[in-house]
Amino acid sequence: MLDRIGVKNIDDLYGDVPSEVFFKEEYDIPSAMSEIELRKHFEELGEKNRRLTVFAGGGVYDHYSPSVIPHLLARSEFYTAYTPYQPEISQGTLTYIFEYQSMIAELTGMEMTNASMYDGATATAEAMFMMVASAKKKNRVLLSATLRDNVIEVVKTYAKFHGVDLTIVPEKAGVSDFNSIKAELEKGDVAGVIVPTPNKYGIIEDFTGWADEIHAKKGYLAINADPSALAVLRTPGEWGADVACGDGQTLGMPMSFGGPYLGFIACDKGMIRKMPGRVVGVTKDADGKRAFVLTLQAREQHIRREKATSNICSNQSLMALYATVYVALMGRQGMEEVNRRACDGAHYLHSRLIESGKFTDAFPGKPFLKEFVVKTDIDVKALNAHLLENGIMGGLELGDGLVEFAVTEKRTKEEIDRLISLILSF
């Protein structure tokens, strides 16, 4: 291989890497352990972890995860399943992918969805590509400033290396400024607009009439959404969006120090050939029995990978299964209950914080579901350190005295009251 690429040795292969970053000391590799010793070692490591009561959000939430899910996912036929090229031996995998697609389509109100993405940020970047590919001779996409910062940064990275022009449209009183969007649309070069629901402040934005305005200028609308919240909120499809995208972590996935999570993307039928990944469909076999197949997939993803437009692989199918089992277990009633409990808890905490006299409402009158922002003169970093000492992960510090709190269905009234008590004693 070295001869083939014209390199003499391994050291030359890494010739562009600065020498100061190389590790030059002896590796501190511990001695081998017996199974008993190793189990004891990991138990001791595990005891160092602190289980916190979480009131932080910011795009990742402490939702309840039914215990049956990891048991089902750990089955070898799921855990080691590869890309289902051959339908005759992959009916199980194809079946749950089809069910996943059906569930995401219902949650988003869209006609088509694919078999999952890596995470919500990259799914949003793919939505950007879909709109540019669908728009004729338009290469500019508008991003609302109320999208989460990490999503905006990932989309910027994808856009830079694919030659897409981005414009960040400002926010006004915590929501996307549609007047600014309309002014940009008048320039005639906008392929699409991406907005969030709920947004980075937890606010539920009103997109009434937006799709009509954008479509009138031959552009497309993409909505980055929380799929769990879509069980009770107006869906992207109902808003008239062309693409829906976001992160599926809220579908019961543990926070797990940052992953693995699940990106979803859905669209109307007319954009399906611009959508990355694969689409599973239902048909009949030679005996007339119901069967599942890969209806659409980009061959480049498997063979000519350098020409691939996305990065779908087998492990994302596993996370799609996670979401499928969660939604199937919860059902419509269960998902509505999750949101009702979270909403009740969030509004209770919000009112208690305001009543404490130490916080004011950052965006008065703006509707929110499970997350909100308040303003304070307190030293937030010191307050969060105080809360952490008492086993609580406090709100996210946003700067300028703004703090974002989130409440999921796992948080009890007793936990909220304890949080308030610790804040009052600070």
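Residues numbered from 1 in each chain as written. Predicted model: local features only at pLDDT ≥ 70, side-chain atom pairs only at ≥ 80, totals over all residues. Heavy atoms only, no water.

Engineer: Before we go on, may I ask you to explain the packing of helix α13 (residues 380-389) against helix α14 (residues 413-424) in this structure?
Structural biologist: For any two helices packed against each other, the geometry comes down to the angle between their axes and how far apart the axes lie. At a minimum axis separation of 10 Å, α13 and α14 run at an interaxial angle of 125°. One finds that α13 runs oblique with respect to α14. Taken as a pair, α13 and α14 cross one another with a handedness that is right-handed. The residues of α14 that touch α13, namely those facing L383, H386 and L387, are L419, L422 and I423. In the contact of α13 with α14, the residues fall into 5 nonpolar, 1 polar and no charged. (Axes fitted to C-alpha atoms, helices over the stretch in contact; angles between N-to-C directions. Helix = DSSP H or I, 4+ residues; strand = E, 2+ residues; numbered from the N terminus. Parallel < 35°, antiparallel > 145°, perpendicular 65-115°, else oblique. Left-handed = near helix turned anticlockwise from the far one by under 90°. Contact = heavy atoms within 4.5 Å. Nonpolar A, V, L, I, M, F, W, Y, C, P; charged D, E, K, R; others polar.)

Engineer: Teacher, can you tell me more about the side chain of T235 here?
Structural biologist: By the secondary structure assignment, T235 is in the loop between β8 (220-225) and α11 (236-239). The class for T235 is buried, based on a relative accessible area of 9%. Apart from residues no more than four positions distant in its own chain, T235 is found in contact with L107, T108, G109 and L230. (Buried < 20%, exposed > 50% of the residue type's maximum accessible area, 1.4 Å probe, protein only.)

Engineer: It is not clear to me how unusual backbone geometry should be interpreted in this structure. Could you clarify?
Structural biologist: For residues that are not glycine, phi is negative in most cases, and the peptide bond is trans in most cases. In this model, T197 is joined to P198 through a cis peptide bond whose omega is -15°. Here P198 is to be found in the loop between β7 (190-197) and α10 (210-216). Even without being a glycine, S116 presents a positive backbone phi close to 85°. As for its position among the elements, S116 is in the loop between β2 (112-113) and α7 (120-134). Of note in the backbone geometry, F257 takes a positive phi value of approximately 55° without being a glycine. Here F257 shows up in the loop between β9 (243-247) and β10 (263-267).

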